[in-house]
Amino acid sequence: MKIDMAKVAARANVQHTLGTSVSLDGKGVHSDQPVSIILHPAESDYGVRFAVLSKNGEEQEIPAVHTSVGATELCTIIGDPRGTFVATIEHLMAALRALGVDNVRIEIDGAEAPVMDGSSIAFVDAIREAGLLAQAARRTYIKIEKPIRVEMGRSYGELRPYDGCRLDVEIDFENPVIGRQRFECELTAETFVNSIARARTFGFMRDVEKLWAAGYALGSSLENSVVIGEEGVVNPEGLRYRDEFVRHKLLDAIGDLALAGAPIIGEFRSYRGGHKLNFLVLKALFENQDAWSYVRLPGKAPAGAGYGEIAAEPAIALSPAKT
């Protein structure tokens, strides 16, 4: 069943939470530890927060915002990497942002979000299962007023004024299996589900032992990552898209930019980017007060339960994967 896009547009400017709680179980791609998360509905203006147990057994809430970022090595970590933290949140954050979930409390019993199949599709399915509930409060957006650009060697990332939300991500690897790829899109729920959400994280077989020695990728496998060997892609099923690598980089960018704390009205462009660059772009944006503004667009909450009335139905129809 496809969602009524006219109804979506009418409700786009009010906040949404989940229609009900929903849980997922998996393991951390870096820690290889089992982990469970429960996504709970939350009140208006709550935002996205992770509820995690600290080392002394007390529950601590960590807001999913850029000021909470503690590290960006191979994943995005919020909290204190030497104390209480949650790692690898980007795939979940991408699904929440793209599907329009403004307020959610995420209970997690470990220090790393589950990797699932290496993409965002399991989180999309969970959100669709829970349904969306429109709330009375209007949604706040971050409008890009002036260009912001960050450069790191040959890499760069930038935010520019644009009437909408557009992403343009380009990668450039010496490895011929990946090479140079570029993917551009207007970010909508439908585009995310049909063209981005299934793109998996990837890595090189030659780097495995080095990553293991550094404490990374301990839970990585062919079930949750695209692995590139000397002869090409090792996974027996191959790629989900010809350009799955850049689509996943764009997925990561959506998740990292969600740490702005509100949807962005503007265009994001990156070349040879990653988690660190995405974070630095957000940091530079908020350090330049004249480069952005908070805006609320016209709109009011609909009567009734909103999207909660289709909680048990798929909100967005999945079309066949494009290869």
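Look up: the structure comes first, before these words.
These lines cover the structure that appears in this document, whether it is placed above or below.

Cut-offs applied
- Residues numbered from 1 in each chain as written.
- Predicted model: local features only at pLDDT ≥ 70, side-chain atom pairs only at ≥ 80, totals over all residues.
- Heavy atoms only, no water.
- Pairing = 2+ DSSP bridges.
- Helix = DSSP H or I, 4+ residues; strand = E, 2+ residues; numbered from the N terminus.
- Axes fitted to C-alpha atoms, helices over the stretch in contact; angles between N-to-C directions.
- Contact = heavy atoms within 4.5 Å.
- Buried < 20%, exposed > 50% of the residue type's maximum accessible area, 1.4 Å probe, protein only.
- Salt bridge = Lys/Arg side-chain N within 4 Å of Asp/Glu carboxyl O.

Describing the sheet that holds strand β2 (residues 22-27)
Overall, mixed pairing links the five strands, which are arranged β2-β3-β9-β4-β5 in an open sheet. A single partner strand is all that each edge strand has here, and the edge strands are β2 and β5 (59-63). Ignoring which end each strand starts from, the neighbouring axes of this sheet average 25° apart. The sheet strands contacting helix α2 (residues 90-98) are β3 (34-41), β4 (48-53) and β9 (104-108), and the helix crosses β4 at an angle near 150°. Lying on the sheet, helix α3 (residues 121-130) is in contact with β2 and β3; it crosses β2 at an angle near 165°.

A short note on α2
The buried fraction of α2 amounts to nine of the nine residues, a majority that puts the element mostly inside the structure. Along α2, the residues that are buried comprise Glu90, His91, Leu92, Met93, Ala94, Ala95, Leu96, Arg97 and Ala98.

Overview of the pattern of salt bridges
Within the structure shown, the criterion is met by 24 salt bridges. Here lysine 283 makes a salt bridge to glutamate 287, at a shortest N to O gap of 2.7 Å. Taken together, the residues span about one helical turn, with lysine 283 and glutamate 287 both in helix α7 (residues 275-287) at a distance of four residues. On the basis of relative accessible area, glutamate 287 is assigned to the exposed category, the value being 55%. Among the ionic contacts, a cluster of salt bridges with common partners joins Arg166, Asp168, Glu170, Arg180, Arg182, Glu184, Glu267 and Arg269.

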